[in-house]
Structure formats: structure tokens, C-alpha cells
Amino acid sequence: INQSINQSINQSINQSINQSINQSINLSLDELKGSILEDLKSRVEDKILEQANFDLLSKLIKNAENKEEAIAIAELGTTYKRTGFHFDKKLEKIGSTIKYFKKNSELSFCQNEQSKTHKLIIGDNYDALLNLSISYKGKIDVIYIDPPYGKDDMGEFADTNYNNAITRDNLLSMLYPRLVLARQLLSDEGVIFCSIDDKNHAYVKCLFDEIFGEENFVGEYVRQSKVGGGNDSQHIVKEHDYFLVYAKTISSLPAMFIDFDAEYLRRYKETDSSGYKFFWDTFARPGLQTKENESMIYSIQYPDGTYSKPTRWIHSKERFEKEYAEGIIRIIKKDNGDWSVQIRQYLNQNGKKPRGLTNNFGGSAEGTSILNSIFKNKVFKYPKSVNFIKDLIKTIQNKNSFILDFFAGSGTTGQAVLELNKEDGGHRTFILCTNNEKNEINPNGIAIDVTSKRLKRVMTGSCYDGTNDFEWIKRNSPLGDNLDVYEIADVSNSEQSEGKSAFDVIDEELYGEVKMTPKDKIKWVCENFSVTQRYLEDRT
């Protein structure tokens, strides 16, 4: 809409200027100045030009020494700043380097040629999306993304979003070209989910409206992501985050979205003396154990006189003792003989969940707990819950769908797809894209140390070195299937050395093609890979 309005204004401006130029042939200098001033005055009346700017332009035009100067000054009054939602987009430019997929044979594995093969792409997700567009345009059914909007995730971009009043150009300009490509990848019945926090929610929704069209906004899920949000704010308790849902073409979107209510309410099997429904939830939150909440780390005495090991619990010891005495917390012995400390989790007092609230709590504590059972040490901050991602995917009832996550991080989406396939007999295929950012806990990079190893362990039951001494496999069976791991490689479009040109190094089979003759290969590369030469303008 903004673009159409701007085009209309610019057409009107150009028409007025051209008229002034044509009129100037037959008008004297004073007559031309008067004509220009009348035109600018009408723009003030139409609220296009501010009065103060008109006053300044009037003085300049009246002092113009010739017709060309008067017209040039008038043009200053017909240059308008775009209004509404705007930010500085990173511009795409065409470079001389072709980006392409190169298979990492050391990280790829095949357990059964008859089984489904999933993909993990390591590298800049912009380059990954460009390459995916060659073979997956219009074929992706579900996209889930959790972009790096947090202050601990965006590095130099963090100040933009959290610590000062600068616009969010960095976040938005990073997302814009990637979402444009994502939309091209979606099938006509495709849908995209985007996690976002309350700080960036409004901005990112506007961005989605611009790219996908406001008419394709399906709705929004609100998720209770944690308990105890009052610790984060002195004013409003913050326990939720948001998930935007957009369709590629909402008129083509089947009635796939299921109502969470029935499934959500099943867990609330208990009723207290006042008639309110609740369920018994675990009181332990080991995944949230930090120095900042040491008051919540303590041992609890069991009824037989023994003690638990020091654990991070939901509440302080003082509150535990109070609520234990009131019956809000209980300690029971499970069938395996272990003690379990549990707390009542209530529905709200109306007995209904908030509209749009997803059925699975799925906080980062749950995600951390699952990841810690796959790795011995902490390897990733704030991983998403597998159960939560499964719930999102289940809203799309196509069990043969292609599912893309191009901010894959620790690989939660991949595990969620595998588990869901095993549960309902589905044949979904995941494609994950992640960079290989290196940090103190991942010296070889996140993709190498976390994502690939996680997938290898849950899919095959052992890591690349053959070890299988992790907790998850003791309680679960391997999820099966195969994994192709690709890295983003590049080659100069002018490279002609034998065996090193684009026609030699690009493997068409990685793009779902059969082996080609040299002539067909040259034609295919020329027709498809010019798009991968794009790069984003770096303004830093």
C-alpha cells in the first residue's frame, strides 16, 4: 500500500514538474514563480507539505535568479519521506561468487536406504535459502523459526533491541530478505510460525504483514513459557511469549488448525475442595539452575527421612515449607521406588485456558532438560521444548509435509519431527539450517558440537565416535532415518580450471537431480545458480 501511494505521489510530482517546465517556455520568470508557489500552496492544503517548509521554499523561489533555479527549488518541496512502517533494508547485490551445497560425508549417515533422508545445512541461512530455492520453491509445507531477537543472541545487534532507543533496523533488515525467500519456498497451502518476544512483537508482525500480506495473517498463539515471571519485572508479570502464524495464501489453507482445548484440558484431572481443576506438576526445575537463583537450590527431606540432592526448585525453601503444609505441594513415591516432589498447577479461575494459549507449557527448562539428557554438559542456551514444537507441527494435519527451520540452533525441530513421525506413523521430512558460530562452550561451532551430534544421537542411538553413554538413549529407542549434512561452499563464476569450475564442483544429485550429461549440466547450472551469487550489502 505504501509503495502504491508513493508511486502515485511521485507520478503526481513528476507531472507537476513537467507541467512547470513546459509552462516555463511561455511564462516570464515572475509568472513561473507564481505558478510554482500556487502549486506548492495546494500541497500545504492537502497536508502533503508542511507550512514551515512552504514558507522557506517561498523565500528561496522568490529570490531565484532564473527559471531553472526556481524549478530546482520547487523539486525540494516535492521530495517526501516515506511514512508508516519502514526501516533500512539491506540491499541485495550480485557478486562473482557462486554459493552451492557441498556434502559433508563425515557428518552424514545412512542407516537404511529405504528410510527417509533429512537435511542439515551448515552456513549462513541466507545462502542456504537461496540454494533451497533451486529445488524446493513452492514445496515447503511448514516453516518454524525462532530468530535471534534476544540481547544475548544478536551480538552487536543487541543494543538496538534492548538497551537504547535506536530503531530495530538490524533485526528487521536481517529478517526481511530471509522472509522474502521463505515465502517463495512455501507451498500454496504452506504456513510459517515465528517465535517472538514482547519487545519485538509489534515490529516483527508489521514486517510479516508487509511480506506475507496482512490478509494472510492466520492468528497468534500465546505460550506460557515459564512460571515466576514476576522475577523479571517490578510491574507486570511476564510469563508468556508469542508465535505469529501466517499462510502463504490463506484462501488455499485447509481447515488444518485443531482446537487445543480438549487436549489441553485432559491433564487437569484433579479437583480441589473449591471445585477448581489442577494437575500435579514436577516441582523441580534443574534446567534453570544459576547463581542468580541460589535461594531456590536446596535439599528436601523425604517422608522416609532421606534427602534429595541439592536441586533448583520452583519456589524458595520457605515457600516450599508453607505450601507443603497447605497441601499445594506433595511428596509421593513412584512405581520405581523414587520420590517425586509435585506442585499443583491450576487452570485459571474460570476453568478455561486463555484464548490462543498453546497446550504445552514447553518452557526453556523443559528444552534444557531434554538437551541435557542427550549431552553430559550444558551445550546450548535456552533450547526450545521438543513437545512444544511437536504441538505446533500437529496443527498441520499433513503427515507427509516438508518442514523447514532456518534458525535451527540446537536442532529441536528436527527431533520434534522424528518423534512425531514415530508417534503417528507420519512421513514428515525436516530441513534444518544453522550457522556454525563458535563460542566458549562450542569451540568447534554450534553445528558441529551440538546440532549434528544431537541428531546423530537421537536418530542412531550413538554419537559419531560410537559412544552411547548418554541418559536419553537409556529411556528411548533410536528414532531412525538418515541424515545428509551440507555445507555452503563457493566457487568463482570465472573459474575455468579443470575439475574446479562451477560445472565440476556442484553436485546436481544434492539438489534432487539425476546425473546429467556435461551439456545438460552447463545449462542447468547457468539457469539456476545465478541466484546464489546474491549477497547482502554490509553497512557496518
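For the structure itself, consult the block above.
Parameters and conventions
Residues numbered from 1 in each chain as written. Predicted model: local features only at pLDDT ≥ 70, side-chain atom pairs only at ≥ 80, totals over all residues. Heavy atoms only, no water. Phe/Tyr/Trp six-rings, centres within 6.5 Å; stacked < 30°, edge-to-face > 60°. Helix = DSSP H or I, 4+ residues; strand = E, 2+ residues; numbered from the N terminus. Buried < 20%, exposed > 50% of the residue type's maximum accessible area, 1.4 Å probe, protein only. Lys NZ or Arg CZ within 6 Å of the ring centre and 35° of its normal. Pairing = 2+ DSSP bridges. Core = buried A, V, L, I, M, F, W, Y, C linked by side-chain atoms within 4.5 Å. Contact = heavy atoms within 4.5 Å. Axes fitted to C-alpha atoms, helices over the stretch in contact; angles between N-to-C directions. Parallel < 35°, antiparallel > 145°, perpendicular 65-115°, else oblique. Left-handed = near helix turned anticlockwise from the far one by under 90°. Nonpolar A, V, L, I, M, F, W, Y, C, P; charged D, E, K, R; others polar.

A. Spatial organisation of the packing of aromatic side chains. Summed over the entire model, instances satisfying the criterion amount to 21 aromatic pairs. Summarising the aromatic geometry, the rings of Tyr 298 and Trp 313 are spaced 6.2 Å apart at their centres and angled 40° between planes, so their arrangement reads as tilted. Within this pair, whereas Tyr 298 is found in strand 10 (residues 297-298), its partner Trp 313 is found in the loop between strand 11 (311-312) and helix 10 (317-326), the two being separated by 15 residues in sequence. Trp 313 carries the same exposure label as Tyr 298, and that label is buried. Here the basic side chain of Lys 456 rests over the ring of Phe 109, its NZ or CZ set 5.4 Å away from the ring centre. Taking NZ or CZ as reference, Lys 456 lies 5.5 Å from the ring centre of Tyr 464, over its face.

B. Molecular detail of the pairing of strand 14 (residues 402-405). Here two bridges tie strand 4 (residues 140-145) to strand 14, and the two strands are oriented parallel to one another. Directly across from Val 142, in strand 14, lies its bridge partner Ile 403. One ladder, built from four bridges, connects strand 14 with strand 15 (residues 429-434); its direction is parallel. By the bridge assignment for strand 15, Leu 404 is matched with Ile 431.

C. A look at the environment of Lys 376. Inspection of the secondary structure puts Lys 376 in the loop between helix 11 (364-374) and helix 12 (386-394). It is 6.8 Å that separates the C-alpha atoms of Lys 376 and Phe 470, two residues lying 94 residues apart in sequence.

D. Inspection of the nonpolar core at higher detail. Counting residues in hydrophobic clusters, the biggest one holds 51 residues, and the most contacted among them are Leu 132, Leu 179, Phe 208, Leu 404 and Phe 406. For this core, the element with the most residues is helix 7 (residues 169-185), which contributes eight residues. Contact partners of Leu 179, with chain neighbours within four places excluded, come to Ile 145, Ile 192, Leu 207, Phe 208, Ile 211, Phe 212 and Phe 406. The next biggest cluster of nonpolar side chains, apart from the first, holds 43 residues, and it includes Phe 430, Leu 432, Ala 447 and Met 459.

E. Quick look at the packing of helix 13 (residues 412-424) against helix 14 (residues 446-460). With their axes 9 Å apart at the nearest point, helix 13 and helix 14 run at an angle of 15° to one another. Considering the angle they form, helix 13 stands roughly parallel to helix 14. Helix-helix and strand crossings are classified by hand; for helix 13 and helix 14 the assignment is right-handed. Two secondary-structure elements touch here, helix 13 through Thr 412, Gly 414, Gln 415 and Leu 418 and helix 14 through Arg 454, Leu 455, Val 458 and Met 459. Considered class by class, the residues forming the contact of helix 13 with helix 14 number four nonpolar, three polar and one charged.

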